[in-house]
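What follows is each chain in one-letter form.
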Amino acid sequence: RLGENRAKVERMFGLMDRFLKNDPATLQNDIVNHVEYTVARSRFSFDDFEAYQALTHSVRDRLIERWHDTQICFRRKDPKRLYFLSLEYLMGRSLSNSVINLGIRDQYADALSQLGFDFEVLAEQEGDAALGNGGLARLSACQMDSLATLDYPAWGYGLRYQYGLFRQVILDGYQHEQPDYWLNFGNPWEIERIHVTYTVKFYGTVEEENFKGGKHKVWVPNETVEAVAYDNLIPGYGTRNTITLRLWAAKPSDQNDMESYNTGDYINAVVNRQRAETISSILYPDDRSHQGKELRLKQQYFFVSASLQDIIRRFKDTHSNFDDFPEKVALQLNDTHPSLAIAEVMRVLVDEENLSWSRAWDISCKIFTFTTHTVLPEASEKIPVDLLGSLLPRHLQIIYEINFRFLEELKKRIGLDYDRLSRMSIIEEGAVKSIRMANLSIVCSHTVNGVSKMHAELLKTRVFKDFYELWPHKFHYKTNGVTQRRWVVVSNPSLCALISKWLGTEAWIRDMDLLVGLQEYATNGDLHEEWKMVRKVNKMRLAEYIEAMSGVKVSVDAMFDVQLKRIHEYKRQFLNILGIIHRYDCIKNMEKKDRRNVVPRVCIIGGKAAPGYEIAKKIIKLCHAVAEKINNDPDIGDLLKLVFIPDYNITVAELVIPGADLSQHLSTAGHEASGTGCMKFLMNGCLLLATADGSTIEIIEEIGADNMFLFGAKVSEVPVLRKKAPNLKVPLQFARVVRMVRNGYFGFEDYFESLCDSVEVDNDFYLLGADFESYLEAQAAADKAFIDEEKWTQMSILSTAGSGRFSSDRTIDDYAEKTWGIERCRCPA
Ligand code: 73E
């Protein structure tokens, strides 16, 4: 057999031309072949989109090659594997990122130009993959890039939603939502794995069976759906390693239909089949509130069940004893969304693998790790008991059993402190009895991570105080990071080249700490000139985009001041707009001659509001109403412009961030668990105007408070202020700008009434009034710094130089060593 096999392998290698080559001639040939045989267009006539399709298939071939080698290497070395479970990934576009990570961007650009195409033009053909809401989802994407780059044996698991995050369309200044059917034009980046299919069960009853002299629980479901794997390949940078992001799509299961077919109800059978597909059809567009919806729960279990079947199948390929499971498997829960995995692992081990409860629990407690992204206990995910009991009856029993045993243990530790016992219970009693998914996750995970230092403090002292007191050793934090490959190398190639030139190396692309080397040149005149030039070109690109999109012409000499993120009251876009109104009001009331001293600004705001979030939608409308007034006021001209960038997504961020001079991060202190947008701006040399919240606190430690514009109440002051707020005097300036909105200076006074009410003195939960003066001072300091070009450039260079710590490479190395216990496994070149 062995000899036969070897002969076969040799024959295969003979047929193959070993690895694909990457010289421009081979690439050209490949692209043209894909035009003809994959896209099925004539090689003599194809347009940009067809060229893009052929190009992506050619890139995909190269990804597949490396991916096969990586998987063979992982299988051979059999290291402990990390499984990253997340319901959301914001991948954005893949083309540029892939060819840059593969190290063959220039070769492709050459090949294409000889064919008469421009790489950048083709890259614009790609849609934006938005299978997520915001920070949490982009974090997953950044972490996948780092896992691949750092050679960790990791798999990402998620859902292949047919509709990603809605498209935001603005009509008359109001947000409207349109479905994002992102698969309309096909998705060349994914590989459908029809043979990797698992059956996922729902509903039904739990029966008891006799088993080895005792009783055994058996779940008898009455609905089944098939989960089909779609693999997305994630290439590392500067390594051959290419890992898998496996997304599941729901397909109807043949088992369901037999009865209907037998009774002749053909039409209903087909309709029922289609219903199965709705499970993976749509992403929930809320990034804070959890509504106990059945479909959402179905999504969560569908994803968890398919992923675990896949993981256990892979384990069983080479192992027969589940005692080895913790040595081979780490399961990372990205927030509580995948936490049904805990009950599912217990069910599989106890009901299907026949392990005892205590052995199964011991194994589970060694494999799960949990990262929470939440600051407010009220925002935690809860599942109504009735809902869970109907959809997953066996899981409900298991969760009750976990809770019973946990509470028994707890009573031994803390006695009969019923308040505390009921706070810590996994089951919340009340009008709607529900499961607290965070409590379940903490009880079973050996490590609970926060996403910044401040967040960890809040977890210990407020959110999970009781649990911290019980298990202090479980609580840690890993400050978030973002990948410099996407956020500098892909999105800001000229800054990337400049950094490499001055550092004399490209090594920082894999080792961000090297950026500190720029500090040495922070006052170097030559670097200043080149730095300003790069920034100016990026601003010109952004100005063109703004004009094309909104018709507003902006001057690149103005300060580009940007706030881009989901619209939320706690993120205080309203504070930004009130500040802009104040600026406008000041300019209007100034003598003409004094206007010469005003620092011109282009204020840019972008972000989506959850479809049901009324106040957030009003903020978007207000932004448009104010923009309408300011941008058309001949007194103002270039001194102040306000533009709203519609349909903010990863692709838009890649264009806007490199062109920003100043970016705003205004969350009320203690509300942003981390924030990652600020890190992207920082790397790109944009100065931050921010509150001391989330990861900003650590940015201050890295670059120093003098290199940014800080304002507002500190985390510890917020509760005190909230108590005092109703008795505080509202600053006059604040009262004036709110009154302008309230009295209809920008029109729509009825519509804005509730928005204005939300910041009235006895109602101002997010403390806009209390922070307003300090906000204006920070803005004035930014103006002053901007006039001094050299000072500004120096601060900008120091921002980039100090951003090394905020690479997701650092975060992932930290997780690997301290939380997951996994080691690098590099596929040979
Ligand atoms: O502070 C951000 C953090 O930077 C936090 O609000 C966000 O996660 C980012 C990454 O750690 C977040 N997203 C969600 N919760 N926190 C969330 C909740 C429900 C659905 C989707 C996302």
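Our subject in this report is the structure included herewith. (Residues numbered from 1 in each chain as written. Predicted model: local features only at pLDDT ≥ 70, side-chain atom pairs only at ≥ 80, totals over all residues. Heavy atoms only, no water.)

Section: the site of the ligand
The following threshold applies: By convention in this text, a residue qualifies as near a molecule or strand provided that one of its non-hydrogen atoms is within 4 Å of it. Two N or O atoms count as a polar contact when they lie within 3.5 Å, although within protein this holds only if one can serve as hydrogen donor and the other as acceptor, and sequence-adjacent residues are included solely when both atoms are side-chain atoms. With residues, only the protein chains shown are counted as cover, and all accessible areas are computed by Shrake-Rupley using a 1.4 Å probe. All residues other than Ala, Val, Leu, Ile, Met, Phe, Trp, Tyr, Cys, Pro, Asp, Glu, Lys and Arg, Gly among them, are scored as polar; the first ten of these are nonpolar and the last four charged.
The full set close to the ligand counts 17 residues, and H373, N480, E672, S674 and G675 are the nearest of them. Residue N480 places a side-chain N or O atom 2.8 Å away from an oxygen atom belonging to the ligand. Bound to the protein, the ligand loses 94% of the 480 Å² it would expose on its own. Counted by class, the shell around the ligand contains 5 nonpolar, 7 polar and 5 charged residues.

Here's the deal with the environment of V228
The condition that has to hold: The helix and strand labels rest on DSSP assignments: H or I over at least four residues marks a helix, E over at least two residues marks a strand, and numbering proceeds from the N terminus. Exposure is judged per residue with a 1.4 Å probe applied to protein chains only, and the accessible area is read against the type maximum: over 50% gives exposed, under 20% gives buried, and values in between give partly exposed. Note on contacts: a residue pair qualifies if any of its non-hydrogen atoms lie within 4.5 Å across the two residues.
As for its position among the elements, V228 is in strand β10 (residues 223-235). Overall, V228 belongs to the buried group, its relative accessible area being 7%. Note: C-alpha distance between V228 and S45 (183 residues apart in sequence) is 36 Å. Those residues in contact with V228 that sit more than four places away from it in its chain are E192, R193, I194, V196, T197, L247, W248, A249 and K251.

Quick word on the nonpolar core
Side chains of a nonpolar character, in soluble globular proteins, are inclined to be buried together. Defined as follows: The set of buried Ala, Val, Leu, Ile, Met, Phe, Trp, Tyr and Cys residues whose side-chain atoms join them within 4.5 Å is what this entry labels a nonpolar core.
Ranked by size, the top nonpolar core spans 178 residues in total, and within it F202, W248, F302, L331 and I435 carry the most contacts. Here this core gets 10 residues from one element, more than from any other, and that element is helix α10 (residues 294-318). Counting 60 residues, the second-largest nonpolar core is a separate cluster that includes I619, L768, L776 and A782.

Brief notes about the side chain of Q299
Structurally, Q299 is set in helix α10. Not counting the four nearest positions on each side in its chain, Q299 is found in contact with L159, Y161, I279, I282 and Y284.

Structural notes on unusual backbone geometry
One non-glycine residue, D335, lies in the positive phi region at around 65°. Given the relative accessible area of 5%, D335 is considered buried. One non-glycine residue with positive phi stands out, namely R572, at about 55°. Look at R572 and you get buried, because its relative accessible area is 1%.

Notes on the layout of surface pockets
As a reminder of what qualifies: Cavity means a closed set of points on a 1 Å grid over the protein atoms alone, one where a 1.4 Å probe fits but cannot get out, pocket means an open set with protein on both sides within 12 Å along at least 5 of 7 lines, and lining means a residue has an atom within 4 Å of a point. Grid points are joined across faces, edges and corners, and a volume is the space filled by probe spheres set on the points.
One number sums up the size of the largest pocket: a volume of about 1200 Å³. The wall of the largest pocket is formed by 47 residues, among which S96, E120, V490, S491 and E654 lie closest to the centre. For the lining of the largest pocket, the elements supplying multiple residues, two or more each, are α4 (95-102), α5 (105-114), α6 (119-123), α20 (484-490), α21 (493-503), α22 (525-550) and α25 (650-656). Looking at the lining of the largest pocket, the element that brings in the most residues is α22, giving 6 residues. Classifying every residue of the lining of the largest pocket gives 19 nonpolar, 12 polar and 16 charged. Taken together, 39 residues make up the lining of the second largest pocket; nearest its centre are E126, A129, W182, N187 and W189. Breaking the lining of the second largest pocket down by element, the ones donating at least two residues are α3 (48-77), β2 (89-92), α4, β3 (129-131), α7 (135-149), β10 and β11 (242-252). It is α3 that provides the largest number of residues to the lining of the second largest pocket, a total of 5 residues. When the residues that make up the lining of the second largest pocket are grouped by side-chain class, the tally is 18 nonpolar, 13 polar and 8 charged.

Observations regarding the environment of G92
Within the secondary structure, G92 is located in strand β2. Among the residues examined, G92 registers a relative accessible area of 2% and is labelled buried. Spatially, the C-alpha atoms of G92 and I700 are 29 Å apart, while their sequence positions differ by 608 residues. Beyond its immediate stretch of four places on either side in the chain, G92 contacts G127, D128, A129, R486 and I650.

Focus: empty space enclosed by the protein
According to the stated counting rule, one finds 4 cavities of 30 Å³ or more in the structure shown. Looking at the second largest cavity, its volume works out to about 60 Å³. Lining of the second largest cavity is provided by H290, D335, T336, F370, T372, T374, A379, S380, E381, A438 and F464. When the residues that make up the lining of the second largest cavity are grouped by side-chain class, the tally is 4 nonpolar, 5 polar and 2 charged.

Honestly, that's just the spatial picture; any functional story needs more than this.
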